[in-house]
Structures are given as C-alpha cells and as structure tokens.
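Examination of the molecular architecture
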Amino acid sequence: VRFIGNYSSGKMGFALAEECRQRGADVTLVAGPVSLSCHEDIHRIDVESCEEMYQAATKAFEGKTDGNSTGSKMDAAILCAAVADFKPTEVADRKIKREKDDLILRLEPTHDIAALGQMKQEDQHIVAFALETNDEETNAEKKRIKKNADFIVLNSTRNPGTTFRTDENQITIISEKGKIEYEKKPKTEVAADIIDELAKLF
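The structure reproduced in this document is the subject of the present report. (Residues numbered from 1 in each chain as written. Predicted model: local features only at pLDDT ≥ 70, side-chain atom pairs only at ≥ 80, totals over all residues. Heavy atoms only, no water.)

Quick look at the layout of surface pockets
The cut-off we apply is this: A pocket, in this scheme, is an open set of points on a 1 Å grid over the protein atoms alone with protein on both sides within 12 Å along at least 5 of 7 lines, while a cavity is a set where a 1.4 Å probe fits but cannot get out; residues line either one if an atom lies within 4 Å of a point. Grid points are joined across faces, edges and corners, and a volume is the space filled by probe spheres set on the points. Segments assigned H or I by DSSP are reported as helices when at least four residues long, segments assigned E as strands when at least two residues long, and all are numbered from the N terminus. Residue polarity is assigned by list, with Asp, Glu, Lys and Arg as charged and Ala, Val, Leu, Ile, Met, Phe, Trp, Tyr, Cys and Pro as nonpolar; anything else, Gly included, falls into the polar class.
Roughly 290 Å³ of volume is contained in the second largest pocket. As for the second largest pocket, its lining consists of 14 residues, and the residues nearest its centre are Asp150, Ser175, Glu176, Lys177 and Leu201. When residues in the lining of the second largest pocket are grouped by element, the largest group, three residues, is from strand β10 (residues 178-181). Among the residues making up the lining of the second largest pocket, the classes are represented as five nonpolar, two polar and seven charged.

See below:
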C-alpha cells in the first residue's frame, strides 16, 4: 500500500546495459520495478526489494546465475541502481490507519550492493555511482575507496535536469588518476563515455 522509495526511472542503467550489448558484451541486467524494456539479448533479472537486488547482483558477479551463459564470473559490474540505504525494521501486514498524531518508523541499513568491490578478483572491475547533494567530489572519492571501485561516476542533484526521471545526465568520473568532467548530455551518450573508460581497464 505504501513504501519508502525514490524517483529513479532506471534510464541510466538500461542505457549502460544497451551500450555494453552493442559492444558485444554478454550482459546481465538486474532491474528494479521500472517501466522500461530492454533488448532480448540482454538477460534481465527483475527484482523489487533491496535484498533481492543484492542477492541477484552477488550471484551474477560470481557467475552463479543462469543469466551468464558461460557459467563463469563477470568481468565487470556497473553499480548504478539508486538502492535505498535503509529499510523499515518492521513491515505491516495491513494498511496502517491514521489513528495517531504521529508515527515513528525505525530503519535499519540495507545490504550494500557495492560490497561487490570487496569480492572482486584481480581480473574483475567495479564501476560505482555516487549521487551527491553536497561536498560532491570529496564524498564520491571516499565512496570509491570504501567500495574498492576502479572508478566512480559522480552526479549531483545541483545540476538541474539531470539524475532522477530525466533523459540527460552530467557526470564526473573519479579514479586514482584524477577526474574527468563531462558536459550535460543524453544518458545514452553518458553511457558511452562510461563504457569508454571501463574498456580502458581491460
């Protein structure tokens, strides 16, 4: 009836999956509840909860899913889903009626999918995303190190007409070597920029 979520449309993730497919990759796309379609050659795993996405992404990265036709581990994971950091400690089995003047919700951390960075082997790569509202580059660099990502894609809510539910994005790619700033452009073109950088790692 009611849930805690955000405005993510999935457009960036689907654009990245399609860009990888066009370049010949065997792609597994773990998708949240979005109203988007993908190419039939992309193995799509639909999930609804943070926990389901964590389990699906972990299995795919380790090569334990039917989605990977070779049965081997993935060469890379691109972690761009806007997964919630917290979830309610209790879920009601029926609608919560308006019978109080206030309602207290207790939240607990969700599984962090970016923990794949701690699982990756020498021949695997991780691309993480950071959506920030303040101290953007500092926070993104901390996240890159913590998540053991090869590079992190930073976008900011301060850039109008980007991020959630839009067709455009404006990113900065941050790695050990420094940063690359890009102009605002369609998410399909942003996906190409990101995969260009990922391709350099192989």
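Following the structure, the description resumes.
Comments concerning the pattern of salt bridges
Stated precisely, the cut-off is as follows: Any carboxyl oxygen of Asp or Glu within 4 Å of a side-chain nitrogen of Lys or Arg constitutes a salt bridge here. For every residue, the accessible area obtained with a 1.4 Å probe (protein chains only) is divided by the maximum for its type, and the residue is called buried under 20%, exposed over 50%, and partly exposed between those limits.
One pass over the structure, following the stated rule, counts 16 salt bridges. Put simply, Asp196 and Arg23 hold a salt bridge, and the shortest N to O gap is 2.9 Å. Of the two residues, Asp196 is situated in helix α5 (residues 187-199) and Arg23 in the loop between α1 (11-22) and β1 (28-31); the sequence distance between them amounts to 173 residues. For Arg23, a relative accessible area of 41% corresponds to the partly exposed category. Measuring nitrogen to oxygen at the nearest pair gives 2.9 Å for the salt bridge that ties Lys120 to Asp150. Here the residue Lys120 occupies a position in the loop between α3 (116-119) and β6 (125-132), and Asp150 occupies one in the loop between α4 (136-147) and β7 (151-156), the gap between them amounting to 30 residues. When salt bridges that share partners are traced, they join Glu19, Arg23 and Asp196 into one network.

Observations regarding the environment of Asp85
The line we're drawing: Throughout, a residue-residue contact means that at least one pair of heavy atoms, one from each residue, lies within 4.5 Å.
When you line up the elements, Asp85 lands in the loop between β3 (76-79) and β4 (86-88). For Asp85, a relative accessible area of 58% puts it in the exposed group. Here the alpha-carbon distance between Asp85 and Arg144, two residues 59 residues apart in the chain, equals 16 Å. Setting aside residues up to four positions removed in sequence, Asp85 forms contacts with Glu108, Pro109 and Thr110.

Describing a nonpolar patch on the surface
Threshold: Like charges are joined within 9 Å and nonpolar side chains (Val, Leu, Ile, Met, Phe, Trp, Tyr) within 5 Å, but only among residues with over 30% relative accessible area and no salt bridge; these make up the patches. Using the Shrake-Rupley algorithm and a 1.4 Å probe, accessible areas are obtained, with residue cover drawn only from the displayed protein chains.
There is a patch of nonpolar side chains on the surface, built from Ile4, Phe86, Ile96, Leu103, Leu105 and Leu107 and spanning about 600 Å² of accessible area. A residue is classified by how much of its surface remains accessible, and Leu103, at 53% relative accessible area, is exposed.

Focus on the environment of Lys73
Assignment of secondary structure puts Lys73 in the loop between α2 (50-62) and β3. Judged by relative accessible area, Lys73 falls into the partly exposed class, the value being 29%. The spatial distance from the C-alpha of Lys73 to the C-alpha of Lys146 is 22 Å, given a sequence separation of 73 residues.

With respect to unusual backbone geometry
Even without being a glycine, Asp135 presents a positive backbone phi close to 45°. Mapped onto the secondary structure, Asp135 falls in the loop between β6 and α4. Despite not being glycine, Asn148 shows a phi value in the positive range, around 55°. As for its placement among the helices and strands, Asn148 is situated in the loop between α4 and β7.

Some words on the sheet that holds β6
Quick note on the threshold: Any two strands are treated as partners once DSSP identifies two or more bridges connecting them. Fitting a line to C-alpha atoms yields each axis, with helices limited to the stretch in contact; the angle taken between N-to-C directions then spans 0 to 180 degrees.
Ordered by their spatial adjacency, five strands build an open sheet running β3-β6-β7-β9-β10, and the pairing between neighbours is mixed. Edge positions in the sheet fall to β3 and β10, since each has one partner strand and no second. Between one strand and the next, the sheet's axes are offset by a mean angle of 20°, whatever the strand orientation. Pairing analysis gives four bridges linking β7 to strand β9 (residues 172-175), with the strands arranged antiparallel. Paired with Val153 across the bridge in β9 is Ile173.

Some remarks on the side chain of Lys187
Mapped onto the secondary structure, Lys187 falls in helix α5. Residues in contact with Lys187, not counting those within four places in the same chain, are Lys11, Met12, Ala15, Thr163, Thr166, Asp167, Glu168 and Asn169.

Some words on the side chain of Asp193
Its place among the elements puts Asp193 in helix α5. Look at Asp193 and you get buried, because its relative accessible area is 14%. In this view, Asp193 contacts Ile173, Tyr182 and Lys185; residues no more than four positions away in its chain are not counted.

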